[in-house]
Protein chains: 2
Amino acid sequence: MKKTLALLALAAAGAVTSLPAAAQFAKAEDAIKYRQSSFFVLGQHFSRIGAMANGKAPFDAKVAQENAELVAMLAKLPGAGFGPGTDKGAPTKAKPEIWTEQAKFKEHAEKFLTETTKLAAASKTGDLAQLKAAFGPAAQTCKACHDAFKDK
Amino acid sequence: MKKTLALLALAAAGAVTSLPAAAQFAKAEDAIKYRQSSFFVLGQHFSRIGAMANGKAPFDAKVAQENAELVAMLAKLPGAGFGPGTDKGAPTKAKPEIWTEQAKFKEHAEKFLTETTKLAAASKTGDLAQLKAAFGPAAQTCKACHDAFKDK
């Protein structure tokens, strides 16, 4: 069972785009905690860019870039935690549609990766206007996926 | 208060070595969850290297390198979550000594960063013997810090 789950998670990770091929979990609980943890860390860094993009914190190009690069890197992680059999095993807000509508979920995941990569590229310009322009669409991919696949 | 905590966390992050300068949290609970989350994600990737180093999983140089590079990157994160005032605010196994013995804690944190960086370098050689040689000391820095600063 352990091995099967790990192999399935591995297959799922490969399927969902450029997620690390090394994705494998001993049990569903670990996969759930892994995706929640990586999303939480990502969210902290993403919100720091948001504060600057929305004028709630002074713009610091270096800080923006550090955070955006972390976000782009961290964005590759949580997908691996959504393998088959990880719809339960620990408290989760993940909706069953993640596993019954895989094509749609995969589409959301790919948009998320695309926009966070664009955000990191924008942050490297050191230009607040470009950061703002890239932040909105990136934030929108979070919201769209949460609306479709995450319980309130 | 919020701003003070953020500034203190920022100062602490700067003090603990090359942690992201952007470290700042709205409240202690977020800092605690951040360090726990980043350690958990790191631990998952670290254990995959351990499985290969200890002969419990077949050695795959590419997978080892991917995981070791993630570990080296993730190792820079949790330190920022140990700023002043984050000894409570959410369930935590962090011992008070983290804040009363800062010099010692900092020393452990630096060793951890040094050894995980060495592990990533070793993983790039594609040589299992070098991976094994670097894994032991890296794992030892986890254990040493847990023994000194983490409740059972």
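You'll find the structure just up there.
Computed from a predicted structure; not experimentally measured.

### A short note on the overall build of chain A
Part 1 of the reasoning: Looking only at helices and strands, one finds 6 helices and 0 strands in chain A.
Part 2 of the reasoning: Written out in order from the N terminus, the α and β elements of chain A read α-α-α-α-α-α.
Part 3 of the reasoning: Relative to its full complement of 152 residues, chain A shows a buried share of 46%.
Part 4 of the reasoning: Here the analysis covers contacts within chain A between residues at least 6 apart in sequence; of these, 72% occur between residues at least 24 apart.
Part 5 of the reasoning: About 7,300 Å² of surface is accessible on chain A, with carbon and sulfur atoms providing 59% of the total.

### Examining the nonpolar core
Part 1 of the reasoning: Core analysis: the biggest nonpolar cluster contains 62 residues, and A:F46, A:L74, A:L119, B:F46, B:L74 and B:L119 have the highest contact counts within it.
Part 2 of the reasoning: If you list the elements that add at least two residues to this core, you get α2 (28–53), α3 (61–74), α5 (102–123) and α6 (128–149) of chain A together with α2 (28–53), α3 (61–74), α5 (102–124) and α6 (128–149) of chain B.
Part 3 of the reasoning: Setting aside residues up to four positions removed in sequence, A:F46 forms contacts with A:V71, A:L119, A:F135, A:A138, A:A139 and A:C142.

### Re the pattern of salt bridges
Residue and element names in this part refer to chain A.
Part 1 of the reasoning: Here the structure, examined in full by the defined rule, presents 14 salt bridges over all chains.
Part 2 of the reasoning: When the shortest N-O distance is used, the salt bridge between K124 and E69 registers 3.9 Å. With a gap of 55 residues between them, K124 in the loop between α5 and α6 and E69 in helix α3 connect regions that are remote in the sequence.
Part 3 of the reasoning: Assessed through its relative accessible area of 34%, E69 is described here as partly exposed.

About the cut-offs
- Counting of residues starts from 1 at the beginning of each chain's written sequence and follows it residue by residue.
- Numbering of ligands from 1 and lettering of chains from A proceed in the order in which they are written.
- It should be noted that, the model being predicted, local features are given only for residues of pLDDT at least 70 and side-chain atom pairs only at 80 or more, the latter also being counted only at that level, while totals for whole chains, interfaces and linings use all residues.
- Side-chain metrics in this entry use all non-hydrogen atoms of the structure; hydrogen atoms and water are not considered.
- Going along the chain from the N terminus, every DSSP run of H or I of four or more residues is numbered as a helix, and every run of E of two or more is numbered as a strand.
- Whether a residue is buried, partly exposed or exposed follows from its accessible area with a 1.4 Å probe, protein chains only, as a fraction of its type maximum: under 20%, in between, or over 50%, in that order.
- Pairs of residues are marked as contacts when any of their non-hydrogen atoms sit within 4.5 Å.
- Note that accessible areas follow from Shrake-Rupley with a 1.4 Å probe, and for residues the cover is restricted to the protein chains shown.
- Only buried residues count toward a nonpolar core. Its members are Ala, Val, Leu, Ile, Met, Phe, Trp, Tyr and Cys residues joined through side-chain atoms within 4.5 Å.
- Any carboxyl oxygen of Asp or Glu within 4 Å of a side-chain nitrogen of Lys or Arg constitutes a salt bridge here.

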